[in-house]
Amino acid sequence: MASDYTQINNAAARQFTTMPMMQNGYNVANLPYRYGQQAIANDSFEINERVDNAADAIVEKAKQVDTQKVKKSVISAVLSVATVVGVTLAVNKNINGIWKAGEKVDTVLKNSKVYNKIVEFGKKIAEKNPLKNSELVKDIKNVTSKSNRVQPKMQMAKMTVLGPKGIFSLTSSEILNGIAKNCGNEAKFTEYLEALVGKDAKICGKTVSETARALFNQETVGESFKFSTELMNAIKSNHGLKTTEDMLKFFDGVKAGKIGEKTFEFAQNVKVRGWAPGTKGNLGETLKKFASMDGQSAQTKIGRFVQQSPLILSESIGNCVNDRTLFGIALGATYLPQNFNEAQDAPKGKKVRTVAAEFVSSAASWAIGMASAGAAVYSLASLKNLKSAGALANVLKKVGSVASIGLGENTSKAKGLLGGAMRFAGVMFLSSKISKPIDNTVKKTFGVPTQAQKDASEKAKQEQEIAQQLGQYGQYVA
């Protein structure tokens with residue numbers, strides 16, 4: 001059968017070769033090739049046409065891109081990163097100098113006759129206050145004091161009440177958690193903590209061994225501000241730290257894991273969860289910052305201001321001076337570019353002023369506006385604890401009871417949410433009212449437009465554009 005098929009195929013081939021090769025002027029044998037070439041040519045034309053159209057579209061899109069806007073965005077992004085990194089490094093490397101600067105101011109003021117007279121004058125005015133002997137006033141001062149004021153339950157709410165002090169109080173326990181993790185042995189970590197605060201110390205009601213166990217197991221050790229304050233007091237008492245030189249020398253040793261004659265290698269610079277890559281924290285630096293923010297490293301208000309201002313300003317700008325978290329870097333990246341965009345749009349000679357004014361205003365609004373609003377709202381809630389009797393006292397107690405909804409020990413979840421939302425709204429409202437005049441004062445001092453002036457300018461610009469459009473429409477109709 002195979003040979004039969006071969007014969008048939010060969011015959012067909014011979015018959016094909018004997019067919020006329022030219023019909024109507026076309027080479028029949030070449031027809032498949034010609035059709036293929038024509039199809040390829042047509043496809044090539046279509047492909048080339050599509051490529052050309054796509055190229056034209058890309059060029060058109062490129063023409064529509066605002067190169068100036070892109071350039072401005074890139075510059076702002078670079079400046080934002082440089083600012084966060086630069087501010088963080090500069091402040092962290094100069095903590096000792098900032099501390100000493102506040103102490104030098106204290107020395108100058110104490111030797112100033114003018115300053116001492118001003119202090120004496122202030123005391124005389126306070127003595128003449130007709131309400132100073134009022135039992136109700138004393139009671140109000142007592143229940144609303146920083147140590148007795150009711151405290152929020154949520155960590156974020158705590159930060160609004162304490163402001164920068166609250167932010168800088170968070171890190172002590174986090175660093176100790178990191179040290180405990182580095183150590184890996186509860187007994188050794190307890191020995192470290194005993195060397196730091198003394199065997200008989202108590203922090204937030206816990207003994208040293210209880211505190212060490214809680215830190216080792218990554219458990220809560222107490223409210224952050226109270227923990228940091230009592231930790232600091234225990235360290236100062238245990239090691240007799242009184243002068244600036246004593247404290248700075250001791251804290252510099254703690255940074256290197258040294259306490260007295262002992263060195264604990266596992267307590268040197270430690271990695272803390274959430275910190276930016278390449279950065280490590282240490283307890284010595286953290287305690288220095290907290291001491292400055294809590295007013296423990298200076299005696300006069302101006303001296304404290306000198307110490308606290310760089311920390312508040314730098315933390316407000318970079319969000320990384322206190323703890324150097326990735327969240328802090330991301331937070332800075334969200335609003336810093338806008339500041340630099342405005343600076344680039346500002347008139348010549350006011351670019352640097354625009355950035356500086358925004359930084360100072362943000363820091364002041366945070367440190368004064370937010371903290372004052374939080375303290376006011378929770379002081380209002382604290383009035384429920386008044387012990388005084390009388391019509392006015394009873395009214396204040398009722399106000400306090402309403403303002404403190406949800407802060408009780410066994411409160412329901414619904415009351416907690418309701419009270420929290422109410423207090424949050426109160427803090428935001430008061431904060432905006434306090435921050436607005438601060439922002440206006442700062443902007444006027446730096447000679448840059450306030451927000452109200454910006455809004456008025458933008459409104460005038462929009463009105464002018466609308467007028468121009470109406471004028472063009474009128475000409476067209478005419």
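Above this text is the structure in question.
Just so we're clear, the structure is a prediction, and the values are computed from it rather than from any experiment. (Residues numbered from 1 in each chain as written. Predicted model: local features only at pLDDT ≥ 70, side-chain atom pairs only at ≥ 80, totals over all residues. Heavy atoms only, no water.)

Peer 1: Just to check I follow, could you spell out the overall build of the protein chain for this structure?
Peer 2: Looking only at helices and strands, the protein chain has 20 helices and six strands in total. Of all 478 residues assigned to the protein chain, the portion counted as buried reaches 36%. Put simply, 67% of the contacts in the protein chain that link residues at least 6 apart link residues at least 24 apart. Accessible surface, the protein chain as shown: approximately 29100 Å² in total, 59% of it carbon and sulfur. (Helix = DSSP H or I, 4+ residues; strand = E, 2+ residues; numbered from the N terminus. Buried < 20%, exposed > 50% of the residue type's maximum accessible area, 1.4 Å probe, protein only. Contact = heavy atoms within 4.5 Å. Areas by Shrake-Rupley, 256 points an atom, 1.4 Å probe, with all protein chains shown as cover.)

Peer 1: In this structure, what is going on with a nonpolar patch on the surface? I would like to understand it.
Peer 2: On the surface, V70, V74 and V78 cluster together into a nonpolar patch covering about 250 Å² of accessible area. Assignment of secondary structure puts V78 in helix α3 (residues 67-92). We classify V78 as exposed; its relative accessible area is 53%. (Patch = residues over 30% accessible without salt bridge, like charges linked within 9 Å, V, L, I, M, F, W, Y side chains within 5 Å. Salt bridge = Lys/Arg side-chain N within 4 Å of Asp/Glu carboxyl O.)

Peer 1: I tried to follow the layout of surface pockets on my own but got confused; where do I start?
Peer 2: Any empty space left between atoms is shown by rolling a water-sized probe over those atoms. In this structure, the second largest pocket occupies an estimated 570 Å³ of space. P164, Q308, I312, A367 and I368 are the residues nearest the centre of the second largest pocket, which is lined by 23 residues in total. The set of elements that each furnish at least two residues to the lining of the second largest pocket consists of α7 (155-162), α8 (164-169), α15 (301-318) and α17 (351-382). A per-element tally of the lining of the second largest pocket places α17 first, with eight residues. Within the lining of the second largest pocket, the residues separate by chemical class into 14 nonpolar, four polar and five charged. (1 Å grid on protein atoms, 1.4 Å probe; cavity = no way out; pocket = protein on both sides within 12 Å on 5 of 7 lines; lining within 4 Å. Points joined across faces, edges and corners; volume = space filled by probe spheres on them. Nonpolar A, V, L, I, M, F, W, Y, C, P; charged D, E, K, R; others polar.)

Peer 1: Help me out: how do you make sense of the pattern of salt bridges in this one?
Peer 2: Two side chains with opposite charge may pair up if their charged atoms get near one another. Using the criterion set out here, one finds nine salt bridges in the structure. Through salt bridges with shared partners, a single network forms among E285, K289 and R324.

Peer 1: Quick question: what am I supposed to make of the environment of K138 here?
Peer 2: Take K138: it is sitting in helix α6 (residues 135-143). Counting along the chain gives 250 residues from K138 to S388, while the straight-line C-alpha distance between them is 9.6 Å. Non-local contacts of K138, meaning those with residues more than four positions away in its chain, are made with K132 and N133.

Peer 1: Is there a simple way to explain the packing of helix α9 (residues 171-183) against helix α12 (residues 224-239) in this structure?
Peer 2: In a packed pair of helices, the relevant descriptors are the angle between the two axes and the axis-to-axis distance. Taken N-terminus to C-terminus, the directions of α9 and α12 make an angle of 75°; their axes are 8 Å apart at the nearest point. Relative to α12, the element α9 lies roughly perpendicular. Contacts between α9 and α12 involve S172, S173 and L176 from the former and F227, S228 and L231 from the latter. For the contact of α9 with α12, the per-class residue count stands at three nonpolar, three polar and no charged. (Axes fitted to C-alpha atoms, helices over the stretch in contact; angles between N-to-C directions. Parallel < 35°, antiparallel > 145°, perpendicular 65-115°, else oblique.)

Peer 1: How do you make sense of the packing of aromatic side chains when you look at a structure like this?
Peer 2: Any pair of aromatic rings gets described here by the distance separating the centres and the angle formed by the planes. Tallying each qualifying case throughout the model produces seven aromatic pairs. Relative to F251, the ring of F250 has its centre 5.8 Å away and its plane inclined at 70°; by these criteria the two rings are edge-to-face. Pair check on accessibility: F250 and F251 agree, each one buried. (Phe/Tyr/Trp six-rings, centres within 6.5 Å; stacked < 30°, edge-to-face > 60°.)

Peer 1: What is the right way to read α17 from this model?
Peer 2: It helps to recall that an α-helix has 3.6 residues per turn; residues three or four apart then point in one direction. With 32 residues, α17 extends 46 Å from end C-alpha to end C-alpha; this agrees with the ideal 46 Å at 1.5 Å per step. The sharpest bend along α17 reaches about 35° and sits at S365. (Expected span 1.5 Å × (residues − 1). Bend = angle between axes of the 7 residues up to and from the residue.)

Peer 1: Looking at this structure, how should I read the nonpolar core?
Peer 2: In this structure, I179, Y192 and L196 are the most contacted members of the largest nonpolar core, which totals 44 residues. Those elements that place two or more of their residues in this core are α9, α10 (186-197), α11 (208-216), α12, α13 (244-255) and α14 (283-293). Residues contacting Y192, with those up to four places away along its chain left out, are L176, I179, V254, I259, F264, F266, A267 and L283. (Core = buried A, V, L, I, M, F, W, Y, C linked by side-chain atoms within 4.5 Å.)

Peer 1: Which parts of the structure should I look at to understand unusual backbone geometry?
Peer 2: What is expected of a backbone is that most residues other than glycine have negative phi and most peptide bonds are trans. Phi angles above zero are rare outside glycine, and C204 is one such case at about 55°. Along the chain, C204 falls in the loop between β3 (202-203) and β4 (206-207). Judged by relative accessible area, which is 17%, C204 ranks as buried. Positive phi outside glycine occurs at N319, with the angle close to 60°. Its place among the elements puts N319 in the loop between α15 and α16 (326-345).

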